[in-house]
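What follows is the residue order along each chain.
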Amino acid sequence: MSQTKTGTRRNFLKSAALAGGAVSLNACVNSTQNAATPTTATHKYTPSFYPKHNERTKGWLRFIWQKATYQDDWGFSGSEERPWGINLPRGNIDWEYDGNGPHPWWDQYTAAPMLSYPRFDLADSSYGVMLMADQTPAWREVYARIMDELATRHTAYWAAIDWNTFIGESPDRKNYPAATMGSWPERVRGNYDAPGWTANGVEPWGLQPDPIGADGNLFFRGWLNLILSIYKYVSGDNKWEQPWQIAGYENQQFEWTQPKIVEHLRQQYTDHPEGPHCENTKIWPYCNAAAGLGMYLSDQLGVTNSYGVFENWVEFMRDNYMGINDQQQIEWMTMYYDPLADFKINLPGTLGPGGGVAFYLMPQSTEIATQIYEATANAQGWRDPRREIQPNALGLVMAKALGDHTAVSRLSAAAERYSEPRWFGDEMDKFGWWFNYGEPWPRGQGSGQLMISEIAEGNWIDAFKVKHLDKYTAPTLEGVDYPNLGVDTAWNDKDNGVLNIGTYVGDRNLAGQQTSWRITNLPNANEAVVICDGATISDVEIVDGNTIRIPTDIGQHQYQIYTGYFGQELAVTRPDSTAVANAATVAVTKRTAEQNARAAESVMASGAAQCPCCPSV
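Here's a quick rundown of the structure. (Residues numbered from 1 in each chain as written. Predicted model: local features only at pLDDT ≥ 70, side-chain atom pairs only at ≥ 80, totals over all residues. Heavy atoms only, no water.)

A tally of helices and strands in the protein yields 18 helices and 17 strands. Contacts in the protein between residues far apart in sequence, at least 24 positions, make up 70% of those at least 6 positions apart. Accessible surface for the protein amounts to roughly 24800 Å². Of this, 48% is attributable to carbon and sulfur atoms. (Helix = DSSP H or I, 4+ residues; strand = E, 2+ residues; numbered from the N terminus. Contact = heavy atoms within 4.5 Å. Areas by Shrake-Rupley, 256 points an atom, 1.4 Å probe, with all protein chains shown as cover.)

Following this line, the structure appears as structure tokens:
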């Protein structure tokens with residue numbers, strides 16, 4: 001019985017491979033016709049049973065790629081003639097980009113005056129990229145490029161535009177509206193800087209030109225470190241662990257590394273258990289929670305070992321920035337604390353700061369974050385069908401991570417109803433959330449936050465468990481002509497030694513155009529077998545002992561590639577970059593259809609390639 005079954009497998013694969021060498025590449029060889037047998041009806045596309053990007057995720061990735069790779073000017077030369085921050089009301093924006101400063105599609109408008117800077121768009125955009133990379137861990141190049149572009153912008157002059165230009169005391173101190181000063185003690189009104197004024201240069205610190213090395217400005221270096229840590233996890237590259245320059249006051253340059261930022265933060269939390277300042281004189285739990293998450297991720301990746309000191313801050317926050325009664329109910333939370341002026345702004349329940357603090361604490365201090373989430377969910381009625389609720393992007397992320405399905409359902413419906421999800425672009429291939437502002441582009445901060453929940457396998461807690469650290473040496477998809485060709489599946493099945501890849505048409509105008517891509521980090525390139533849409537491909541080029549090149553077209557296809565990778569440590573030889581870029585200069589080996597059949601026979605006979613697409617073979 002087993003001999004008959006094995007023979008059937010061999011005959012099937014041999015016929016598929018031989019047919020594959022004879023038909024058009026554009027069909028990706030998914031059916032054959034024999035004159036002696038009836039035509040067989042087949043699936044056009046092989047179904048995938050692995051994590052896969054949905055349409056909205058692909059549309060958002062397309063837009064983030066466009067934003068990240070567009071070369072706008074975040075440098076000192078682009079800073080002087082553009083309005084920014086609290087001086088940029090939404091109704092007066094000139095949407096035609098003039099080449100100076102960040103392109104206006106970077107969100108410089110949300111939550112003025114505290115968050116109305118384009119660097120916050122960089123951070124919020126990075127979270128979805130991290131989750132997308134976790135969903136297709138065998139394909140990283142596009143996510144790594146995006147993260148590098150986001151990180152590079154965060155080191156430019158414009159990223160710290162508030163710290164570099166809000167020098168000394170605010171000139172509007174005596175002119176703030178009563179609503180702004182109403183929560184302050186009488187003794188400071190008219191002689192105090194409102195939130196949003198960074199006050200670089202005030203006593204006791206004086207002018208500090210380095211936006212990272214300053215005593216204050218936590219909300220700059222905290223989020224920068226989080227972005228750099230996400231880059232490390234997405235790419236595996238140590239670029240930002242090497243020295244680079246940050247642009248500061250009057251474009252002075254200062255040398256830093258990502259581990260050095262973490263060490264600076266560690267020392268600050270050691271010296272100041274209450275936490276570093278964001279704007280000078282003000283300590284915000286929200287900013288501190290984000291800074292802690294960057295330290296946590298850096299430690300998880302083995303780059304640093306500093307997070308323990310931040311855990312002390314979490315305890316300090318529980319004791320000093322939250323009011324918890326005997327019934328374990330949260331009565332108030334601190335928006336910010338000024339140790340110099342000696343007062344706190346406390347808001348009832350979790351109103352105001354609670355959601356943001358819980359969002360950043362959720363992966364690192366899940367227990368206290370869940371307590372804040374539960375209080376917020378109850379207060380806002382997220383699980384109460386009798387109450388009309390408003391969208392809450394961060395609440396939706398946390399509800400999904402905690403498995404609160406009722407809240408997920410209701411918050412998702414609220415987002416669909418009120419947050420204006422839209423497709424856009426000349427080809428209607430980009431997706432974002434517009435929030436009914438009537439602007440030409442999706443709002444970056446809100447869209448980035450909502451997209452975390454759109455990514456099908458995305459879980460905010462799980463993302464920071466860094467489950468895919470083996471991806472850097474596992475078989476990897478490279479050289480994809482993105483955005484012309486997209487990838488929605490890239491997953492190594494280590495139980496069966498099969499790499500599963502799904503492609504789709506990125507640019508409809510180029511559908512059917514020939515292209516190619518590579519698989520690197522193979523244990524033995526000579527033993528790899530490539531199946532596309534159910535049939536074996538013959539035109540596989542062996543670039544070197546660990547790399548193959550696969551010719552294909554810009555189209556929707558499913559690939560199962562027998563790699564022989566079962567999670568083992570691999571010693572790989574990286575192909576020469578110049579040779580990879582030009583196939584004509586590479587001494588490649590092209591397998592014939594007969595050779596592919598023999599290779600496939602040995603794989604199938606061993607029972608190793610039990611991919612989900614071929615259960616009946």
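Grouped together as the largest cluster of nonpolar side chains are 158 residues, with contacts concentrated most on W223 and W460. Per-element accounting of this core gives the leading share, 12 residues, to helix α7 (residues 218-235). When residues no more than four places from it in sequence are discounted, the contact partners of W223 are F120, A123, Y127, H154, L218, Y286, C287, A290 and Y360. (Core = buried A, V, L, I, M, F, W, Y, C linked by side-chain atoms within 4.5 Å. Buried < 20%, exposed > 50% of the residue type's maximum accessible area, 1.4 Å probe, protein only.)

Right, let's get into the packing of aromatic side chains. Scanning the model with the defined rule gives 42 aromatic pairs in all. Taking 4.8 Å as the distance between ring centres and 75 degrees as the angle between the ring planes, the aromatic pair formed by F359 and Y360 counts as edge-to-face. Residues F359 and Y360 agree in their burial class; the two are buried. A cation over a ring is seen here: K260 above W256, with NZ or CZ 4.8 Å from the ring centre. In this structure, R422 is placed above the aromatic ring of W434, and the distance from its NZ or CZ to the ring centre is 3.9 Å. (Phe/Tyr/Trp six-rings, centres within 6.5 Å; stacked < 30°, edge-to-face > 60°. Lys NZ or Arg CZ within 6 Å of the ring centre and 35° of its normal.)

In space, the three strands of this open sheet follow the order β3-β4-β5, with antiparallel pairing throughout. The sheet terminates laterally at β3 (322-324) and β5 (343-348), the two strands that pair on one side only. Looking at each pair of strands side by side, their axes are set apart by 25 degrees on average, direction ignored. Note that β3 and strand β4 (residues 330-338) share three bridges and pair antiparallel. Looking at β4, one finds that M322 is bridged to M333. Strand contacts of helix α10 (residues 308-320): β3, β4 and β5, with the helix running at about 60 degrees to β3, the strand carrying the most contacts. (Pairing = 2+ DSSP bridges. Axes fitted to C-alpha atoms, helices over the stretch in contact; angles between N-to-C directions.)

Turning our eyes to something else, we now look at the sheet that holds strand β10 (residues 498-505). Overall, antiparallel pairing links the five strands, which are arranged β9-β10-β16-β12-β13 in an open sheet. Only two strands of the sheet have a single neighbouring strand rather than two, namely β9 (485-493) and β13 (535-536). As defined by bridge partners, β9 adjoins β10 across eight bridges and the pair is classed as antiparallel. Bridge assignment links L485 to a residue of β10, and that residue is V505.

The next thing to look at is the pattern of salt bridges. Taken as a whole and judged by the stated rule, the model has 29 salt bridges. Linking K58 and D488 is a salt bridge whose minimum nitrogen-to-oxygen distance equals 3.7 Å. Of the two residues, K58 sits in helix α2 (residues 55-69) while D488 sits in strand β9, which places them 430 residues apart along the sequence. In this structure D488 comes out as buried when scored by relative accessible area, which is 3%. Here K239 and D148 are joined by a salt bridge, their closest N and O atoms 2.9 Å apart. Of this pair, K239 sits in the loop between α7 and β1 (244-247) while D148 sits in helix α4 (residues 141-154); the two residues are 91 residues apart in sequence, bridging distant segments of the chain. Assessed through its relative accessible area of 35%, K239 is described here as partly exposed. Residue D148 is classed as buried on the basis of its relative accessible area, which comes to 16%. Through salt bridges with shared partners, a single network forms among D72, R145, E149 and R153. (Salt bridge = Lys/Arg side-chain N within 4 Å of Asp/Glu carboxyl O.)

For the rest of this paragraph, the subject is helix α15 (residues 444-454). Because an α-helix packs 3.6 residues into every turn, residues spaced three or four apart end up facing the same way. Among the 11 residues that make up α15, 11 are buried, leaving the element largely enclosed by the rest of the structure. Those residues of α15 not exposed but buried are G444, Q445, G446, S447, G448, Q449, L450, M451, I452, S453 and E454.

Locating Y176 in the fold gives a position in the loop between α5 (161-165) and α6 (178-181). In this structure, the C-alpha to C-alpha distance between Y176 and A194, residues 18 residues apart in sequence, is 7.9 Å. Setting aside its immediate chain neighbours within four residues, Y176 contacts S170, M181, W184, Y192, D193 and A194. Of note is the side chain of Y176, whose polar atom sits 2.9 Å from the side chain of S170. There is a polar contact of 3.2 Å between the side chain of Y176 and the backbone nitrogen of A194. (Polar contact = N/O pair within 3.5 Å; in protein donor to acceptor, adjacent residues only side chain to side chain.)

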